[in-house]
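Examination of the molecular architecture
The lines below spell out each chain.
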Amino acid sequence: MLCRPECNKKNNQFNSRNLDDIVYSEFKVGEKYLKSYIKQRLGDIYESLGLKLSPKATDLEKYFEVKLCKITNKETNKRDHCYELISKKL
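Predicted model, so just to flag it, every value in this text is computed and none were measured. Starting from 1, residues in each chain are numbered consecutively following that chain's sequence as written. Restriction of local features to residues with pLDDT of at least 70 applies here, the model being predicted, together with a cutoff of 80 or more for giving and counting side-chain atom pairs; totals for whole chains, interfaces and linings are based on all residues. Side-chain numbers here rest on the full set of heavy atoms in the structure, without hydrogens or water.

**Re the packing of aromatic side chains**
For Phe, Tyr and Trp, rings pair up if their centres lie within 6.5 Å, where Trp contributes its six-membered ring, and each pair is then called stacked (planes under 30 degrees apart), edge-to-face (over 60) or tilted (otherwise). What the rule picks out here adds up to five aromatic pairs. Ring centres of Tyr24 and Tyr63 lie 5.8 Å apart, and the angle between their planes is 90 degrees; on these two criteria the pair is classed as edge-to-face. Remark: Tyr63 occurs in the loop between α2 (35–48) and β2 (64–72) and Tyr24 occurs in helix α1 (residues 9–26); sequence separation between them is 39 residues. Consider the rings of Phe27 and Tyr37, whose centres lie 6.3 Å apart with planes at 75 degrees: the pair is edge-to-face. Taken as a pair, Phe27 in the loop between α1 and β1 (32–34) and Tyr37 in helix α2 lie far apart in primary sequence, 10 residues in all. For Tyr37, a relative accessible area of 32% gives the class partly exposed. A network of ring pairs unites the aromatic residues Tyr24, Tyr63 and Phe64 as a single cluster. As a reminder, the over-ring test applies to NZ of lysine and CZ of arginine, requiring each to be within 6 Å of the ring centre and within 35 degrees of the ring normal. A cation over an aromatic ring shows up here: Lys88 above the ring of Tyr24, its NZ or CZ 4.7 Å from the ring centre. Secondary structure elements follow DSSP: runs of H or I no shorter than four residues count as helices, runs of E no shorter than two count as strands, and numbering proceeds from the N terminus. A 1.4 Å probe rolled over the protein chains alone gives each residue an accessible area, and that area as a share of the maximum for its type sets the label: buried under 20%, exposed over 50%, partly exposed in between.

Here you go:
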């Protein structure tokens, strides 16, 4: 049976640190992000690290205090759900 990178303890610690750094560099406190953008971006990040995780916008709640809000999507002119990042979780 093959083990995914996140189930290997040594590999998991390495990937976890990289993941934390990448998430904190990609997403900034005080900004608002569409949930669809968050999911897409996290999927790209997970893939680049070789993680077989399903990206969810709620994954950001592990790293940030968030506030659910709505903003106008510039492409569709509709109000879409987004997260405003309030502060980093330490």
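**Considering the environment of Lys88**
With respect to the helices and strands, the residue Lys88 is situated in strand β3 (residues 79–88). The exposure class assigned to Lys88 is partly exposed, which follows from its relative accessible area of 44%. Separated by 27 residues in sequence, Lys88 and Glu61 place their C-alpha atoms 9.4 Å apart. In what follows, a contact means two residues having at least one pair of non-hydrogen atoms within 4.5 Å. When sequence neighbours within four positions are dropped, the list of residues in contact with Lys88 reads Tyr24, Val29, Tyr63 and Phe64.

**A look at the confidence of the model for the protein**
Averaged over every residue, the pLDDT of the protein is 84; the share at 70 or more is 82%. Mean pLDDT across the secondary structure elements of the protein bottoms out at α1, with 72, and peaks at β3, with 95. Here residues 1–14 is modelled with pLDDT under 50, and outside its nearest four sequence neighbours on either side it reaches 11 contacts, counting other chains as well. How sure the predictor is of each residue is captured by pLDDT, a score from 0 to 100.

**Some thoughts on the pattern of salt bridges**
When a carboxyl oxygen of Asp or Glu lies within 4 Å of a side-chain nitrogen of Lys or Arg, that pair is called a salt bridge. Under the definition given, this model contains two salt bridges. A salt bridge links Arg41 to Glu26; the nearest nitrogen and oxygen atoms lie 3.0 Å apart. You can see Arg41 sitting in helix α2 and its partner Glu26 sitting in helix α1, a full 15 residues away along the chain. With a relative accessible area of 23%, Arg41 lands in the partly exposed category.

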